[in-house]
Each structure stands twice: as C-alpha cells, then as structure tokens.
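Structural description and commentary
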Amino acid sequence: MSSHVRPTGSQTSLREANRALTVEAVRRHGGITQVELAGATGLSPATVSNIVKELTAAGTLAVSYAVRNGRRAVQVTLARGNGLVVGMHVGTRHLRIALADPSSSIVAEHHMPLAPDHYADASLDRAAFLLDDLLDRVGADSGEVRGIGIAVPAPIDPETGHTAVPGLMRGWDGVDIAHAVQQRVGCPASAGNDATLAGVAEAHTGVARGIPNVLYLRASHGIGGVVVRGGTPQIGRRGAGGEIGHVSIDPDGPLCRCGNRGCLESFVGAAALTAQLPAAYSHLNYADIISEASAGDPLCGRIVADAGRHIGLALASANNLLDVDLIVVGGELAETRELLLSPVRHSFERNAFGAVGSAPAVVAGELGVRAPLHGAIGLAVSALAI
C-alpha cells in the first residue's frame, strides 16, 4: 500500500467522527441550516450534505425547508418521533432549559443569568418564554411537549409541592412550583431538589452508574446532597433528606440562612467564600474564585482548599452513619477538580470511621454543572406513562 492511501479503518473512523461532530452541532444550535452547519463544524458543504442525507435516512436527523436572506435553505434538526420532554434548572443565579426526546437525548439547550433572590413569578415567566424560544428554534410546538421536570435549589415537600424549609428560596415560599409551571406551559410538570436530581443523574448515567449506594454532594452557591440507593433517592418524609449543607460542623460557627449556626453551607457556600476575599480581591465573585483558583492564584486556591477540608469533615460524619460505596462531589466548586478533591479526601480519611483503606472513594461528578438539568430531564421522563 502506498503511503498516501488511508487505511479503510481510518476512513470509517473519520466518517463516524464527522457524523458525531454534525449531530453535536445540531444539538447545540437546536435548528441550523446546512450552510450554517458547514461553518459550525468546519466540514465542507458537500460532506455536510452527505452526512445529513445519511442521518436523515437513519432517523437521527430531520430536514425541512426555510427561507434565509431570500433564499431557500435546508433546515436541520434532530428527529423527534415520540414527542419532547423539558428539563428546567432554576438555580440560585441562572436558568437552564433543555428539550430532550423520551430517551433523554438532548435536542436543544439554552441558559440565562438570574438576579440574586429572584422571585418565583418573574423567574417562571422567563422560563416559559425561554421554552417557547427553544421550541421555535427546533420547529416544534407546545403540543409536542409531554412533560416537564424542574430542579430548584431547595427540598420539595412531596405532599404540597412547596419548598420544604421556608426561607431557603426567598420569594418562593408557598408556591406549588410544578403547578405554577403547568399553568404557564399547559402540560404535566414535576419538581425536585437540584442536588437530589443531580445525584440521581450521576447514579443513572454518570460516574456512579451501577453503584448500589451513593452519597452525592453538590457544592454550588448553596450546598446540597442526597443518598441514592439502588438508583432511588432517599429524600425522607418532607423531601429534605440528604441536606448535608445544613449539617452543623461547628455549633459556635457563623449563622446560616436556615437559622442554625455552623452549617457546612455557612463555611463553603458562595457567600462564605466571597466573604473571605481581602480588599484587593473584592472585585471577584464566586465564579471568579473558581476560575482564578483553577488558573493558579494562590489566595483563591487556598479558599478552595479550605472549603475542601470542611466538606471532607462533613462527608466523614455522613458516611459514619450511612456507610456508602461511593462519594461523588459535583457543582461549580468541583470544577476546580483536585484543588478541591485532594483536601476533601485528606479531611475525609482523617475523620472517617473504620480501618485505613476501607473508606469509599471520593470522586468528581461526570455530568458537571449540568447534572441537575439531566436530573430534571430524567424526572420528566420517569413521569411519562409510556
């Protein structure tokens, strides 16, 4: 064989890589013309045209025709034969929404920032508007939506649909969140705690899949967690099970927003970390601390490491009661990876009960900051009567 001829295996691998690149670009944009798809992927128009034909015949993609700049264009979307589900994550400072098919494959996704202490009515109105925009992007209508899952940063009482602990989400007390979304969108909706849903997502499709007993901790603006046994979250009588962020690690510590003293969140939540910044760093916010620590800034790195030490202490106490097989740490703070996880493990191993070497592994989540969104999609899918 001459040196300039590619082996068949390489050609096959290249075609598969180009198909995957094309599908990911369509998923990212929701709906995109073939010309735009060539620009987004860097592939030639002829290659894109062939791939779109192949994947349309296979039922992966769907095409329609649109007019762009006065010219007829081929619009490409992901195929959706069995309707759509919606995942929403209404976080402390952001809103993420995704459309997915009933197999949980994401079709389109978008997010936007939210103001601190955002109120339910305004935030849910924005969510409904964003959903309409996503549906328009993929050429769908609201009648194709079969269910919605909503993740929020507070435990949800399964009987009332309200937040289980007043004050954790200011402006949301007394709101039946699922019902409020259903009224706006017109299809069945379910709501759950974002940490709970993130933990379930990691157990079903993430780093903890196949593990019988998992303790998940979400380190974000607030701190939450859940125990997942056999794929099922253990949320307790009021839906507040797993609230490791409000376990006291110092009875004489600072006041927490829940009204207690010394909660883990009062040491490692976003407000606690930014409060440690000296005057020269006062322009930084929570996201900046994470990015600066990852970039090697020693002060921000120390703030993250100290947070890891507190988290490890709380995880050790929790595991002394629960004796799980694996501990997963997710959320924005876990994006610093070993800057956080190394001190978490050191503190955990120092304080955990049992012989050295017998403690469960402590690992970073696989689904990252989008884990609650995946969990919300899973909640919507699980509620479908298929």
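Below you will find a few notes about this structure. (Residues numbered from 1 in each chain as written. Predicted model: local features only at pLDDT ≥ 70, side-chain atom pairs only at ≥ 80, totals over all residues. Heavy atoms only, no water.)

**Some thoughts on the overall build of the protein chain**
Along the protein chain, the regular secondary structure elements total twelve helices and 13 strands. Relative to a compact globule of 386 residues, whose C-alpha radius of gyration would be 21 Å, the protein chain shows 23 Å and is just as compact. Dimensions along the principal axes, computed over C-alpha positions, put the protein chain at roughly 70 × 60 × 45 Å. Residue burial in the protein chain is summarised as follows: out of 386 residues, 49% are buried. A fraction of 60% describes how many contacts in the protein chain between residues 6 or more apart in sequence connect residues 24 or more apart. (Helix = DSSP H or I, 4+ residues; strand = E, 2+ residues; numbered from the N terminus. Rg over C-alpha atoms; globule rule 2.2 N^0.38 Å. Buried < 20%, exposed > 50% of the residue type's maximum accessible area, 1.4 Å probe, protein only. Contact = heavy atoms within 4.5 Å.)

**Things to note about the pairing of strand β6 (residues 106-113)**
Examined bridge by bridge, strand β5 (residues 94-100) and β6 share seven bridges and lie antiparallel to one another. In the sheet register, Arg96 faces β6, and the bridge partner there is His111. Counting the residues in the hairpin turn of β5 and β6 gives five residues, including Ser104, whose phi is positive at 80°. (Pairing = 2+ DSSP bridges.)

**Section: unusual backbone geometry**
Unlike most non-glycine residues, Asp117 shows phi in positive territory, near 55°. Within the secondary structure, Asp117 is located in the loop between β6 and α4 (120-137). Residue classification places Asp117 among the partly exposed residues on the basis of a relative accessible area of 42%.

**Examining the sheet that holds strand β12 (residues 326-330)**
Taking strand neighbours across the sheet as the criterion, the five strands line up as β11-β10-β9-β12-β13 in an open arrangement whose pairing is mixed. Of all the strands in the sheet, the pair left with one neighbour each is β11 (232-233) and β13 (361-364). Sheet topology note: the strand β10 (residues 223-229)/β11 ladder contains two bridges and is antiparallel. Within the sheet, the bridge partner assigned to Val228 lies in β11 and is Pro233. Strands β9 (213-219), β10 and β12 of the sheet are contacted by helix α10 (residues 298-322), whose axis makes an angle of about 155° with β9. (Axes fitted to C-alpha atoms, helices over the stretch in contact; angles between N-to-C directions.)

**Here's the deal with the sheet that holds strand β4 (residues 84-90)**
With respect to topology, five strands assemble into an open sheet ordered β6-β5-β4-β7-β8, the strand pairing being mixed. The sheet is open, and its two edges are formed by β6 and β8 (189-193), each paired on a single side. Neighbour to neighbour, the strand axes of the sheet diverge by 15° on average, direction disregarded. When β4 meets strand β7 (residues 145-152), the two strands line up parallel, connected through six bridges. In the sheet register, Val86 faces β7, and the bridge partner there is Ile148. In the packing of helix α6 (residues 194-205) onto the sheet, contacts are made with β4, β7 and β8, and the angle to β8 comes to roughly 95°.

**A short note on the packing of α10 against helix α11 (residues 338-351)**
Where α10 meets α11, the closest approach of the two axes is 7 Å, and the angle between their N-to-C directions is 40°. Comparing their axes, α11 and α10 come out oblique. Here α10 runs over α11; the crossing is right-handed. Listed contacts from α11 to Val304, Ala305, Ala307, Gly308, Arg309, Ile311, Gly312, Leu313, Leu315, Ala316, Asn319 and Asn320 of α10 are Leu339, Leu340, Pro343, Val344, Ser347, Phe348 and Asn351. (Parallel < 35°, antiparallel > 145°, perpendicular 65-115°, else oblique. Left-handed = near helix turned anticlockwise from the far one by under 90°.)

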